[in-house]
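If you want the building blocks of each chain, they are given just below.
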Amino acid sequence: MQALREIQESVRDVTETVGRAVVGIGDRWAIGSGVVFEAGKVVTNAHNIRASEVAVSFHDGRSAVGRVTGTDIEGDVAVVEVDTADIEPVAWADDQRPGVGTPVFALSNPGGRGLRVTFGLVSGTDRSFRGPRGHRISGSLEHTAPLLPGSSGGPVVDLDHRLIGINTNRLGEGFYLAIPADDTLRSRIGALGRGDTPRRPRLGVGIAPAEVARRLRRAVGLDEVDGLLVREVEEGSPAAAAGLEQGDLIVEAGGRATGSFDDLHDALRAAEGSVELKLMRGAEVRTVTVTLA
């Protein structure tokens, strides 16, 4: 009973301190959460952002329109500049990552619909997941503090109310992944807050995984080949300019076999201005050079 009373008191304390810094992001269709990390600046997930401006809701019912200063799609973080009045920013933990079993509190305010505070434990470390564009984000914390949809972008804090993560990916019943609030994240969102949005090379295609490509080729009587199936080509993209078409199979990029999304991402990161792709269009092999955006 005493342990439960201590948890109750801890939840009450974190609500009164960190809760003031937790905000709602968006309204109606695209909703999420965020947290004030410095005066006038809120960090949230990139997948919560749909435009250059976004609605921000505060604990006291106030709402304002925030300006997005920077978005890192592949890292799934974004910074919004908004009047945070006298809100005390969340305190950062040191750079030592919490281990399995560390007690944590997760806070959220989905789209401004009210503060939620839950308690759980770190259940895993160095987990990975797919970001908004399919890029693998590694090093994440897994925890058991249950959260509603719209909680991504909200903070995870330790018993001392220090920020240890930003919730980003719901794993289903009872588990969430959080981007660790280490020095790397602190540096990244500092740059985003200054307007330094990272420019990463991109093809401008929608990709289906290798197993889908093999199944489709088998269905139409073509040889099964490992590769990534182009399911759509963005109009005006580097891929469109190079002549890629829906149905093409990317089997190599920059001389590397592309058996997975990660192989393609690695090749694009290593490219300097352009990348050579080996394609199969039906049974025909083609090589094209794509000038990257």
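Residues numbered from 1 in each chain as written. Predicted model: local features only at pLDDT ≥ 70, side-chain atom pairs only at ≥ 80, totals over all residues. Heavy atoms only, no water.

### Description of the confidence of the model for the chain
Thinking step 1. Averaged over all residues, the pLDDT of the chain is 87; the fraction at 70 or higher stands at 96%.
Thinking step 2. When pLDDT is averaged over each helix and strand of the chain, the minimum, 77, is found for helix α3 (residues 210–219) and the maximum, 98, for strand β3 (residues 41–44). (pLDDT = per-residue confidence, 0-100. Helix = DSSP H or I, 4+ residues; strand = E, 2+ residues; numbered from the N terminus.)

### Looking at a nonpolar patch on the surface
Thinking step 1. Judged by side-chain polarity, Met1, Leu4, Ile7, Phe119, Leu121 and Leu159 come together as a nonpolar surface patch covering roughly 580 Å² of accessible area.
Thinking step 2. If you list the elements that add at least two residues to the nonpolar patch, you get α1 (2–17) and β9 (116–130). (Patch = residues over 30% accessible without salt bridge, like charges linked within 9 Å, V, L, I, M, F, W, Y side chains within 5 Å. Areas by Shrake-Rupley, 256 points an atom, 1.4 Å probe, with all protein chains shown as cover. Salt bridge = Lys/Arg side-chain N within 4 Å of Asp/Glu carboxyl O.)

### Some words on the nonpolar core
Thinking step 1. Within the largest apolar cluster, 35 residues are counted, with the highest numbers of intra-cluster contacts made by Val56 and Leu185.
Thinking step 2. In terms of residue count, strand β6 (residues 77–81) provides more of this core than any other element does, four residues in total.
Thinking step 3. Ranked by size, the runner-up nonpolar core spans 17 residues in total, among them Leu228, Ala239, Leu268 and Leu277. (Core = buried A, V, L, I, M, F, W, Y, C linked by side-chain atoms within 4.5 Å. Buried < 20%, exposed > 50% of the residue type's maximum accessible area, 1.4 Å probe, protein only.)

### Some details on the pattern of salt bridges
Thinking step 1. Following the criterion strictly, the structure yields 14 salt bridges and no others.
Thinking step 2. Of the charged contacts in the structure, one is a salt bridge between arginine 20 and aspartate 86, with a shortest N-O distance of 3.7 Å. Residue arginine 20 is found in the loop between α1 and β1 (22–25), and its partner aspartate 86 is found in the loop between β6 and β7 (91–92); the two are separated by 66 residues along the sequence.
Thinking step 3. On the basis of relative accessible area, aspartate 86 is assigned to the exposed category, the value being 63%.
Thinking step 4. For aspartate 160, the salt bridge is made with arginine 162, and the minimal N-O distance between the two is 3.7 Å.
Thinking step 5. The network of salt bridges with common partners includes Arg97, Asp126 and Asp182.

### Regarding the pairing of strand β16 (residues 249–253)
Thinking step 1. For β16, a buried count of four out of five residues is recorded, marking the element as mostly surrounded by other parts of the structure.
Thinking step 2. As defined by bridge partners, strand β15 (residues 228–233) adjoins β16 across two bridges and the pair is classed as antiparallel. If you follow leucine 229 over to β16, its bridge partner there is leucine 249.
Thinking step 3. The pairing of β16 with strand β18 (residues 274–281) spans four bridges and is classified as antiparallel. Residue pairing for β18: alanine 253 is matched across the bridge by leucine 277.
Thinking step 4. Direction of pairing for β16 relative to strand β17 (residues 256–257): antiparallel, over a ladder of two bridges. Of the residues in β17, the one forming a bridge with glutamate 252 is alanine 257.
Thinking step 5. Where β16 folds back onto β17 in an antiparallel hairpin, the turn is made up of two residues, including glycine 254, whose phi is positive at roughly 60°. (Pairing = 2+ DSSP bridges.)

### Observations concerning the packing of aromatic side chains
In this description, an aromatic ring pair is defined by two values, namely the gap between the centres and the angle between the planes.
Thinking step 1. Tallied over the full model, the rule gives one aromatic pair.
Thinking step 2. Seen in terms of ring centroids, phenylalanine 105 and phenylalanine 119 are 5.4 Å apart; in terms of plane orientation they differ by 55°. Their pairing is tilted. Taken together, the positions of phenylalanine 105 in strand β8 (residues 103–108) and phenylalanine 119 in strand β9 put the pair 14 residues apart, joining distant regions of the chain.
Thinking step 3. Given a relative accessible area of 1%, phenylalanine 105 falls into the buried group.
Thinking step 4. The ring of phenylalanine 58 is capped by arginine 62, whose NZ or CZ atom sits 4.0 Å from the centre of that ring. (Phe/Tyr/Trp six-rings, centres within 6.5 Å; stacked < 30°, edge-to-face > 60°. Lys NZ or Arg CZ within 6 Å of the ring centre and 35° of its normal.)

### Let's talk about empty space enclosed by the protein
Thinking step 1. This structure, assessed with the given rule, holds two cavities of 30 Å³ or more.
Thinking step 2. Along its surface, the largest cavity is lined by Ala93, Asp94, Asp95, Gln96, Arg97, Pro98, Leu141, Ile164, Pro180, Ala181 and Asp182.
Thinking step 3. Here the residues of the lining of the largest cavity are counted per class, giving six nonpolar, one polar and four charged.
Thinking step 4. Of the pockets and cavities examined, the second largest cavity occupies roughly 30 Å³.
Thinking step 5. Tallied by class, the residues present in the lining of the second largest cavity amount to two nonpolar, one polar and three charged. (1 Å grid on protein atoms, 1.4 Å probe; cavity = no way out; pocket = protein on both sides within 12 Å on 5 of 7 lines; lining within 4 Å. Points joined across faces, edges and corners; volume = space filled by probe spheres on them. Nonpolar A, V, L, I, M, F, W, Y, C, P; charged D, E, K, R; others polar.)

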